[in-house]
Amino acid sequence: MALSQAHRPSALKQQNKKHRTLGHRSKGSISKANRGRVSAKALSKKLKFDLSREQRKNKAKQIRAAKKEEAFLRKRSLGSHSHPPFLVTVVPLSPSINPRTVLTALKECDEAATITTSVQGITHINSPRFKQRFSFVIPPVNDLYAILDCVKTSDTLLLLWPGDEELGGDADLLLSSIMAQGLPTPVHVITGLEEMAQKRKHLLKQNLAKEIEVRFPGPAKLHSVEKPQDALLVLRHIGAQKQRPIFFRDNRAHIMAEKLEFIPEGSTGTLRIHGYLRGQPLSVNGLVHIPGWGEYQMSRIYSRADPYPLERRGKEATMPDEDLHLLEEANPDLQESLTSTNEVDPMEGEQTWPTEEELAEAEKRMGPKKYTKRVPKGTSEYQAAWIVESDDEGGSVGDDEDDDEDEEDSSMGRYTPVDNMSQDGCDKGEEGSDEEEEEDEEEYETMTVEDNEGANYDEKVDYKEEMDALKKMREAREDATFPDEMDTPQDVAARVRFQKYRGLQSFRTSPWDPSENLPVDYSRIFQFEDFNRTRKRVLREEREGALPGWFLVVEVKEVPHHLYKEHLASHSPLVVFGMLPHEQKMSVVNLVMKSHPQGHFRPIRSKDRLIFHVGFRRFANQPIFSEHSTGNKHKFARFFHPGSTVVATMFAPITFSPASVLVFRQRGDGAQDLVATGSLLSVDPKRIVTKRVVLSGHPFKVNRKTAVVRYMFFNREDVQWFKPVELRTKWGRRGHIKEPLGTHGHMKCYFDGQLKSQDTVLLHLFKRMYPKWTLDPFVPRPLPLYTFHSAHHSDSDEDDEEEGKEKKRAEDQEPASKRSKMVKFFS
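Throughout what follows, the structure given in this document is the object of discussion. Nothing here was measured: the structure is a model prediction, and the numbers come from that model.

Conventions and cut-offs
All residue numbers here refer to positions counted from 1 along the written sequence of the relevant chain. In keeping with the predicted nature of the model, local features appear solely for residues at pLDDT of at least 70, side-chain atom pairs appear and are counted solely at 80 or more, and the whole-chain, interface and lining totals rest on all residues. Excluding hydrogens and water, the side-chain figures rest on all heavy atoms present in the structure. Only the stretch in contact is used when a helix axis is fitted, and all axes are lines through C-alpha atoms; the angle between N-to-C directions ranges over 0 to 180 degrees. The helix count covers DSSP runs of H or I at least four residues long, the strand count covers runs of E at least two residues long, and both are numbered beginning at the N terminus. With the far helix as reference, a near helix turned anticlockwise by less than a right angle produces a left-handed crossing, and one turned clockwise produces a right-handed crossing. Should any heavy atoms of two residues lie within 4.5 Å, those residues are counted as being in contact. Put simply, Ala, Val, Leu, Ile, Met, Phe, Trp, Tyr, Cys and Pro go in the nonpolar bin, Asp, Glu, Lys and Arg in the charged bin, and everything else, Gly too, in the polar bin. Each Phe, Tyr or Trp ring (for Trp, its six-membered ring) is paired with any other whose centre lies within 6.5 Å, and the angle between the two planes then decides the class: stacked below 30 degrees, edge-to-face above 60, tilted in between. Any residue under 20% of the maximum accessible area for its type is buried, any over 50% is exposed, and the rest in between are partly exposed; the area is computed with a 1.4 Å probe on protein chains only. By definition, being over a ring means that NZ of Lys or CZ of Arg is both within 6 Å of the ring centre and within 35 degrees of the ring normal. At least two bridges found by DSSP between two strands are what make those strands a pair. One side-chain nitrogen of Lys or Arg within 4 Å of one carboxyl oxygen of Asp or Glu is enough to make a salt bridge. Taking the helix axis as origin, the arc is that swept by the directions to the C-beta atoms. Here a polar contact is recorded for every N or O atom pair within 3.5 Å, except that within protein the pair must consist of a potential hydrogen donor and a potential acceptor, and residues adjacent in sequence are included only if both atoms are side-chain atoms. Note that patches include only residues with greater than 30% relative accessible area and no salt bridge, and the join distances are 9 Å for like charges and 5 Å for nonpolar side chains (Val, Leu, Ile, Met, Phe, Trp, Tyr). A 1.4 Å probe and the Shrake-Rupley method give the accessible areas. Residues count as covered only by the protein chains that appear here.

A few words on the packing of helix α5 (residues 144-153) against helix α6 (residues 169-181). Look at α5 against α6: their axes get within 10 Å of each other, and the N-to-C directions meet at 35°. The hand of the α5/α6 crossing is right-handed. Contacts between α5 and α6 involve L144, I147, L148, V151 and K152 from the first element and L173, L174, S177, I178 and Q181 from the second. Partitioned by chemical class, the residues of the contact of α5 with α6 number seven nonpolar, two polar and one charged.

Below you can see the structure in the form of structure tokens.
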């Protein structure tokens, strides 16, 4: 028996290639199959995403190491030998707390530390134990603007909490303003526990810790300074904690003034500012901004030796003699200009107005339509107006719809008239029909008459009764609130009153050119082709000049003398910000504002005067409000209601986002309420803010989809003028005006469905709103937060070393004068 053999295909058998991509292949199997070979297509790509396991682990390790190194560099950039010290702002949250006692405890906790006080009252503590430097500034505790300015440049905020009393409204206002502006790294210290029992201390600390957790994000530790070890722990905590970034501060150069010198030159002068440079490099050809003073140019920048080095020994030290080195001198060809607006050319964009012939032609088009009628000979024009024409007789001149219908009938053919048929059912022939046509032409003629439909309509309408009904409807509607509905005026024609308005078929998709009919103020501003792209480029580019960490002397030129005198009288610290390119120019700025529950208790009308704190600036303005929505058109808001969010549009200096926004409203007595907080949305003059006006009418004769509407207009010309605008009803119907009826504003309207008699017909009109040029860069300071009496802090300055040891002995001998100085300090 022969053995069975497997079938072998012949050489001519077709062999198909296997489908190699079927199924899943791991990255390891792909690398084994390739054996190191890389296709030419893969070599042309800059980045290949299918990395191996080892490559992915190595990439994650590199990213983690880079972030760790960046965090270490950021942490080492403060407080060390070659970097500026930690800038700490001390803010008490109660008028009963004396911040000098806390500062004295911090100065005495380390015996090896070096204590120095600058001319501006900033206390420097150099600690060899921690190898770190600290600068403590105490702004006037009742000056809100001074506290906000210090917090803008500070690295740490030292909050002093009362131990046995509740926070008042002023403390809530202060905390809300600081957190909305940009909260630095906070440190919480409780005071007033020295004479309390231990059990009560523990209970107060527990309650205050819970309140801090509610108010501040993240974990918070509560400190006290009852013992030197506690104060030392506070210093250690300030130097070791993670710093919170504040973008508008970190993206710009800023200086807290350690010393000020003014060189008068007439009504202005040169202001010399001594201080550590923080944030970004500062170029002498740029501009600087002093909050409350405005923008200025610099003439020179000097560097000098660090007056508060870490290696200095001794309990007290004074500022060494100045040894200035010129770093940069302003170049007039490269220096930024203070020009903030464009020059207006009155002949640019000149427009032509319509001629008298064009206006007369437009009025002629709005006149009554003329119809061509076939009437018997000898008929007068009055009689011809009453003759009802048949369907196949002449139509109106220029009526496209009737012409289309006639063409359609002729193309489809007509039935043969019954009159043309004989009694036996046969056609009379062409001869009979020609004879009849000749007779008709002899008996009839063609006449053009005006459309008198509704000519006697007024005789059937009692106009006085309608006015009385309208008055009753208005009185019945007084309690209801319609945000956009407006009554059509009777003394002014609607086409004149709303001549700047237009109708939109769709608020979202209908086109609107943002560059048409702009006011003259828009020719004075600057506009970016793409604001976000410019912002990224400005923040990303490298900057030249003095480096952060250096102790500089900056000369600011042409500073008004009266501003320097007012600053000396206020006893508040001075901060300076370096400006980015284009930030001195004017444009249209849009701010997102969210209502603040503490001060926003009544609506704010659009174009009311408000005080804005935008990043490092503060100014007063009268903005217009609009809804915070998507799309290219935004609805105008007449009021900023409590609990809502709006966008404020105004003419203001350009500021690159991100930047925080604080909005205050000034009372009649000078006090200010925090009404809103938010952020900078954009710098965009093309933002279209549209005001909507809704005119309402009421149907009183409804015939299915057709209705006669009254009370929307009060003359025939207005109906003709607004005829192209689409109508809507409150119940969702859409329609249009078909024709006017009479001379008192009645109109026949056609809708897309059955209309109810209780429905209301609406006409939506839109107009673009523009802000006014109402910028005021100088705003008054608010009233003091607290009121102090001479009985407060009677012995609080016993350890104050700011005035020197000799003044301290004199104050000990004269307690009355000491108390008067304390009242002056806290006021």
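So that's the structure; there's more coming.
In this section: the packing of aromatic side chains. Summed over the entire model, instances satisfying the criterion amount to 19 aromatic pairs. With a centroid separation of 6.0 Å and an interplanar angle of 25°, the aromatic rings of F612 and F619 are classed as stacked. As far as burial versus exposure is concerned, F612 and F619 are alike and both buried. Through a chain of ring-to-ring contacts, three or more aromatic side chains come together here, namely Y522, F651, Y770 and W773. Above the ring of F526, the side-chain terminus of K585 is found at 4.9 Å from the ring centroid.

Before going further, it helps to spend a moment on the sheet that holds strand β1 (residues 86-92). Reading across the sheet, the seven strands line up as β2-β3-β4-β1-β5-β6-β7 and stay open at both edges, with mixed pairing between neighbours. Edge strands, defined here as strands with exactly one partner in the open sheet, are β2 (114-117) and β7 (222-224). On average, each strand axis in the sheet is tilted by 30° relative to the strand beside it, whichever way the strands run. Of the pairings in the sheet, the one linking strand β6 (residues 185-191) to β7 comprises three bridges and is parallel in character. Considered in β7, the bridge of H188 is made with L222. Its contacts with the sheet put helix α4 (residues 99-108) on β1, β2, β3 (123-127), β4 (132-137), β5 (156-162) and β6, and the angle it makes with β3 is roughly 25°. Docked against the sheet, α5 engages β1, β4 and β5, running at close to 150° with respect to β1.

This part is about the pattern of salt bridges. Applying the stated rule across the entire model yields 24 salt bridges. Linking D149 and R618 is a salt bridge whose minimum nitrogen-to-oxygen distance equals 3.1 Å. On the criterion of sequence distance, the pair formed by D149 in helix α5 and R618 in strand β21 (residues 617-621) is long-range, its members being 469 residues apart. Here D149 falls in the buried class, since its relative accessible area comes to 5%.

Geometrically, the link from S657 to P658 is a cis peptide bond, its omega value of 0° lying close to zero. If you trace the backbone, P658 turns up in the loop between β25 (645-653) and β26 (660-666). Despite not being glycine, N517 shows a phi value in the positive range, around 55°. Locating N517 in the fold gives a position in the loop between α15 (494-497) and α16 (531-540).

Before going further, it helps to examine the pairing of strand β17 (residues 575-578). Because side chains alternate across β17, one face comprises the buried residues V575 and F577, and the other comprises V576 and G578, equally buried. For strand β8 (residues 254-256) and β17, the ladder comprises three bridges, and the chain directions are antiparallel. When the bridges of β17 are listed, M256 appears paired with V575. Both strand β11 (residues 287-290) and β17 contribute to a ladder of two bridges, which runs antiparallel. In the strand pairing of β17, V288 is matched with G578.

Because an α-helix completes one turn every 3.6 residues, residues spaced three or four positions apart along the sequence face the same direction. All of the buried residues in helix α17 (residues 561-570) are L563, Y564 and H567. Projected down its long axis, α17 shows its buried positions confined to an angular sector of 100°, all on one face. Among the exposed residues of α17, those oriented more than 90 degrees off its buried face are K565, E566 and A569. Packed against the buried residues of α17 are β9 (259-265), β10 (268-278), β12 (294-303) and β16 (551-560). Phi turns positive one or two residues past the end of α17, at H571, with a value near 60°.

This next bit is on the side chain of N590. Residue position: N590 is located in strand β18 (residues 586-595). At 3.5 Å, the side chain of N590 and the backbone oxygen of D684 are in polar contact. N590 has contacts with V647, A648, T649, L680, L681, S682, D684 and R687, leaving out every residue within four places of it along the chain.

This next bit is on a nonpolar patch on the surface. Taken together, the side chains of L327, L547 and W550 define a hydrophobic patch exposed on the protein surface, amounting to about 260 Å² of accessible area. Looking at where W550 falls in the secondary structure, it is placed in the loop between α16 and β16.

Here we come to the environment of Q505. With respect to the helices and strands, Q505 occurs in the loop between α15 and α16. Look at Q505 and you get exposed, because its relative accessible area is 59%. Residues Q505 and E726 lie 221 residues apart in sequence; the distance between their C-alpha atoms is 6.7 Å.

On the secondary structure map, L159 appears in strand β5. Expressed as a C-alpha distance, the spacing of L159 and H188, which sit 29 residues apart in the sequence, is 5.1 Å. For L159, the contacting residues outside a window of four places in its chain are V91, L93, L175, V187, H188, V189 and F216.

Interpretation in functional terms is not warranted from these geometric data alone.
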